[in-house]
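# Residue-level structure breakdown
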Amino acid sequence: MAVAMIELAGQRCEACRRGAPAATEAEIAEFSKQIPEWEIVDRGGIPALERVFRLGDFVEAMAFANRVGELAEEQGHHPALLTEWGRVTVTWWTHKIGNLHVNDFVMAAKTDAAFGGG
């Protein structure tokens, strides 16, 4: 089954509830093309999208982490953020379903846009 191509960064997160459907294999394959620098990682048995963003120093890393935090609040979907000197690791997954949801791909694309494209 083909997945309709949507521009992820232009989407809004939909309200998610327990029991909401996880992203399908077809959606994951299609959406991953728009966020090629993100990896699917296992976090305690839960799949998550993760990317390390490299920045010039700690001040830039904090500023970027704050931009991601503002974006998360605006969309009502929140990542794990690890801020270190010159880098921020962002991890998206949907807590309520313990899996990847379309929202995670939308937020990964929005995070790339906040970074400056990717």
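As the structure is a prediction and not an experimental result, all values here were calculated from the model.

### What about the pairing of strand β1 (residues 39-43)?
Relative to strand β2 (residues 46-54), β1 is paired through 5 bridges, and the arrangement is antiparallel. The partner of R43 across the bridge, within β2, is I46.

### Regarding the packing of aromatic side chains
Within the structure shown, the criterion is met by 5 aromatic pairs. Taking the centre distance of 5.8 Å and the plane angle of 70° together, the rings of W38 and F53 count as edge-to-face. Residue W38 is found in the loop between α1 (25-32) and β1, and its partner F53 is found in strand β2; the two are separated by 15 residues along the sequence. Exposure class is identical for W38 and F53. Each is buried. Taken together, the ring pairs connect W38, F53, F64 and F115 into an aromatic cluster.

### Observations regarding the nonpolar core
Core analysis: the largest hydrophobic core is formed by 25 residues, its most contacted members being W38, L49, V90, W92 and F105. When residues no more than four places from it in sequence are discounted, the contact partners of V90 are W38, L49, E50, R51, F53, F64, V68, P79, A80, L81 and T111.

### What to know about the pattern of salt bridges
Evaluated as defined, the whole model comprises 5 salt bridges. Among the ionic pairs, R51 bridges to E37, the shortest N-O distance being 3.5 Å. In this pair, R51 is assigned in strand β2 and E37 in the loop between α1 and β1, connecting sequence segments 14 residues apart. The buried category is assigned to R51, whose relative accessible area is 6%. A salt bridge links E84 to R87, with the shortest nitrogen-to-oxygen separation between them at 3.0 Å. Three or more residues joined by partner-sharing salt bridges are found here, namely E37, R51 and D112.

### Remarks on the pairing of β2
The antiparallel pairing of β1 with β2 creates a hairpin that spans 2 residues between the two strands, and G44 there sits at a positive phi of about 65°. Taken together, the 6 bridges between β2 and strand β4 (residues 87-92) define a ladder with antiparallel strand orientation. Across the sheet, residue R54 finds its bridge partner in β4, namely R87.

The rules we used
- Residues numbered from 1 in each chain as written.
- Predicted model: local features only at pLDDT ≥ 70, side-chain atom pairs only at ≥ 80, totals over all residues.
- Heavy atoms only, no water.
- Pairing = 2+ DSSP bridges.
- Helix = DSSP H or I, 4+ residues; strand = E, 2+ residues; numbered from the N terminus.
- Phe/Tyr/Trp six-rings, centres within 6.5 Å; stacked < 30°, edge-to-face > 60°.
- Buried < 20%, exposed > 50% of the residue type's maximum accessible area, 1.4 Å probe, protein only.
- Core = buried A, V, L, I, M, F, W, Y, C linked by side-chain atoms within 4.5 Å.
- Contact = heavy atoms within 4.5 Å.
- Salt bridge = Lys/Arg side-chain N within 4 Å of Asp/Glu carboxyl O.

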